[in-house]
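A closer look at the structure
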Amino acid sequence: MWFDDLKDGFSESVWQEDAAPYLVETNHAARGADLETTVPAERVADAARVMYEAMFSLEAITGMDWIVEGRMELVYDYVQFSSGRRVTVRASVPREAPGLPTVSMIYPGAEWHEREARDFFGFIFIGHPDPTPLLLPEDADFHPLRKDFTG
Amino acid sequence: MSIDDQSIHAETFILNLGPQHPATHGVLRIKLTMDGEYIVDAEPVIGYGHRMHEKMGENRSYAKFLPNASRMDYVGALLNTHCHVAAVERLAGITVPERAEFIRVITAELNRVSSHLLWMGAFLVDLGAFTPLLYTFDDREDILDLLESITGSRLTYCYYRFGGVCNDIDDDFIAGTRSFIERMRSRMPMYHSLVTENIIFRKRCEGIGGVPAETCRRYGATGPVLRGSGVCYDVRRNEPYSVYPLFDFSVPVYPEGDCMARYRVRMDEIVESLRIVEQALERIPAGPVMAEKVPLILKPARGECYFNVEAARGSFGMRIVSDGLDAPYRLKVRSPCFSNFSLFRECVRGTLLADALAFLGSLDLVIPEIDR
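Because the structure is predicted, anything quoted here is derived from the model rather than measured.

Here we take up the packing of aromatic side chains. All names here are of chain B. In this structure the tally under the stated criterion is 20 aromatic pairs over all chains. Seen in terms of ring centroids, tryptophan 119 and phenylalanine 123 are 5.0 Å apart; in terms of plane orientation they differ by 15 degrees. Their pairing is stacked. On the criterion of helical spacing, the pair formed by tryptophan 119 and phenylalanine 123 is a turn pair, its members being four residues apart in helix α4 (residues 98-126). With relative accessibility at 1%, the residue phenylalanine 123 sits in the buried group. Taken together, a centroid distance of 5.5 Å and an interplanar angle of 35 degrees make the contact between phenylalanine 341 and phenylalanine 344 tilted. With relative accessibility at 2%, the residue phenylalanine 344 sits in the buried group. Its end group placed over the ring of phenylalanine 137, arginine 140 keeps NZ or CZ at 5.2 Å from the ring centre. Residue placement shows arginine 237 over the ring face of phenylalanine 249; its charged tip is 4.6 Å from the ring centre.

Below, the structure written as structure tokens:
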């Protein structure tokens, strides 16, 4: 049931016609999530709104650098406190232009997660209220988790 | 500027709390904008203890990262390492012998009790009560001695291995743990009459530092902060891992959302953890404590997994991506304190500075875990 509700929410506001819609049921015991989906990078905030309305909480935002493919990926981990269900939402951007909308107006807790992803990978969160280094020094101009970082 | 504009409320000043301050329990700075005794804004400045554990995870083999996990939240080190080994085991498909899982639960729950005891002592020092710290450290010392006898260290344990634990527990440990459970249970009424019933303590905690359940959800707060706001979410219960489903325990929840509720959750959790340890000691099966044929140099197949445990401060998670080599391609650490602390700025606006310090203490922050 909850699967269909989420699917409807995603179909209406996130996937639209151009994207390939898919929502994969995954084995929680093997992957650590019940559902996994990939959304276009410019619609991560729409996805966050669907998750927010479905009573999910945003647990973490993980950046990843896929240097061979020339892309960087963000993984949003959502959890529903009442059931313990987990949904993983993925979005990827080109390494040269790693910009995507912030979700911090929906989940204010994302503000720090996004600043961390900006520190480590150099993601640019459009509309972020305070895009300054969080964990790295205030004058840091390097991104240590990029795979081509030589420090 | 006219004289009317210069009303006393228009005049604010900046106050730095930290980076070196006894109430922050670590290197944490909070830039406070004050209007007299009231807080207008509180901007946390973190990262002083940042060591880039996630990078260290990428540039060394899986086994070499084992000691790192206990250096994030060093107060509940075994709970973190439990997450790390379980995540790698999930990724590499290693099955852990049941006895090892029992030992993990016993030691992790003892670690949770010691963490809560340390928090309680430190929290009361924040509120100006020094004596309870001496009592809680006395009890905590027993746990450290017990854990030292089998893990070899007192704080930054590196006891779990991929596939089990490195040392079996002995009869001395079992007898010592049983007598500790008795002792700790007999101490709880003393703590309640010394602290919980104390009128000064109650006035500092009841109705102070309110966190609505919805705020927890928006910020991703978990653990005692969430359960103190009336949400019954515990990873051990909602997404059972290890052998937790075998045990009978309850998840303490208090709906008030104030400092007192968070205090009560942790006090009840001490009792529940003792119950789990007691049941585990009774039902622990015989057998090996280490899986057979775990390669010394792990090379999990390509893949990705996420694993969460209920650490002393909330949901501690790791996302590990393997590209088939001997070191992770990516190792993400999800720290509970990071999310729990992020709601501080919103919740503390308009409160008195003294109440903000009580609130800060009740969040149970371990700064190196926020900074990683």
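Resuming the write-up.
On to the sheet that holds strand β3 (residues 38-45) of chain B, then. All names here are of chain B. Overall, antiparallel pairing links the three strands, which are arranged β1-β2-β3 in an open sheet. Of all strands in the sheet, those with a lone pairing partner are β1 (13-17) and β3, marking the two edges. Across the sheet, the mean angle from the axis of one strand to that of its neighbour is 25 degrees, orientation sign disregarded. When β1 meets strand β2 (residues 29-35), the two strands line up antiparallel, connected through five bridges. When the bridges of β2 are listed, leucine 15 appears paired with leucine 32.

To continue, consider the pattern of salt bridges. Tallied over the entire structure, the rule returns 44 salt bridges over all chains. The shortest N-O distance in the salt bridge between A:Glu36 and A:Arg90 comes to 3.0 Å. With a gap of 54 residues between them, A:Glu36 in strand β2 (residues 35-38) and A:Arg90 in strand β5 (residues 86-94) connect regions that are remote in the sequence. In this structure, B:Arg187 engages B:Asp138 in a salt bridge whose closest nitrogen and oxygen atoms are separated by 3.7 Å. With B:Arg187 in helix α6 (residues 171-196) and B:Asp138 in helix α5 (residues 131-151), this pair connects stretches of sequence that are 49 residues apart. For B:Asp138, a relative accessible area of 38% corresponds to the partly exposed category. Among the charged side chains, a network of salt bridges with common partners joins B:Glu109, B:Arg112, B:Arg227, B:Asp234, B:Arg236, B:Glu269 and B:Glu310.

It is worth spelling out the nonpolar core at this point. Counting 156 residues, the largest nonpolar core has A:Tyr76, A:Tyr78 and B:Phe341 as the members making the most contacts within it. Looking at this core element by element, the count peaks at 12 residues for α4(B). In contact with B:Phe341, other than residues within four places in its own chain, are A:Trp112, B:Leu28, B:Ile30, B:Pro44, B:Ile46, B:Leu360, B:Leu363, B:Leu365 and B:Ile370.

Take the side chain of B:Thr151 next. All names here are of chain B. Position of threonine 151 relative to the elements: it lies in helix α5. Threonine 151 gets classed as buried once you look at its relative accessible area, which sits at 13%. Here the side chain of threonine 151 touches leucine 147 through a polar contact of 2.7 Å, landing on its backbone oxygen. A polar side-chain atom of threonine 151 sits 3.1 Å from the main-chain carbonyl oxygen of serine 153. The contacts of threonine 151, once residues within four sequence positions are left out, are Tyr157 and Tyr159.

Cut-offs applied
Residues numbered from 1 in each chain as written. Chains lettered and ligands numbered in written order. Predicted model: local features only at pLDDT ≥ 70, side-chain atom pairs only at ≥ 80, totals over all residues. Heavy atoms only, no water. Phe/Tyr/Trp six-rings, centres within 6.5 Å; stacked < 30°, edge-to-face > 60°. Helix = DSSP H or I, 4+ residues; strand = E, 2+ residues; numbered from the N terminus. Buried < 20%, exposed > 50% of the residue type's maximum accessible area, 1.4 Å probe, protein only. Lys NZ or Arg CZ within 6 Å of the ring centre and 35° of its normal. Pairing = 2+ DSSP bridges. Axes fitted to C-alpha atoms, helices over the stretch in contact; angles between N-to-C directions. Salt bridge = Lys/Arg side-chain N within 4 Å of Asp/Glu carboxyl O. Core = buried A, V, L, I, M, F, W, Y, C linked by side-chain atoms within 4.5 Å. Contact = heavy atoms within 4.5 Å. Polar contact = N/O pair within 3.5 Å; in protein donor to acceptor, adjacent residues only side chain to side chain.

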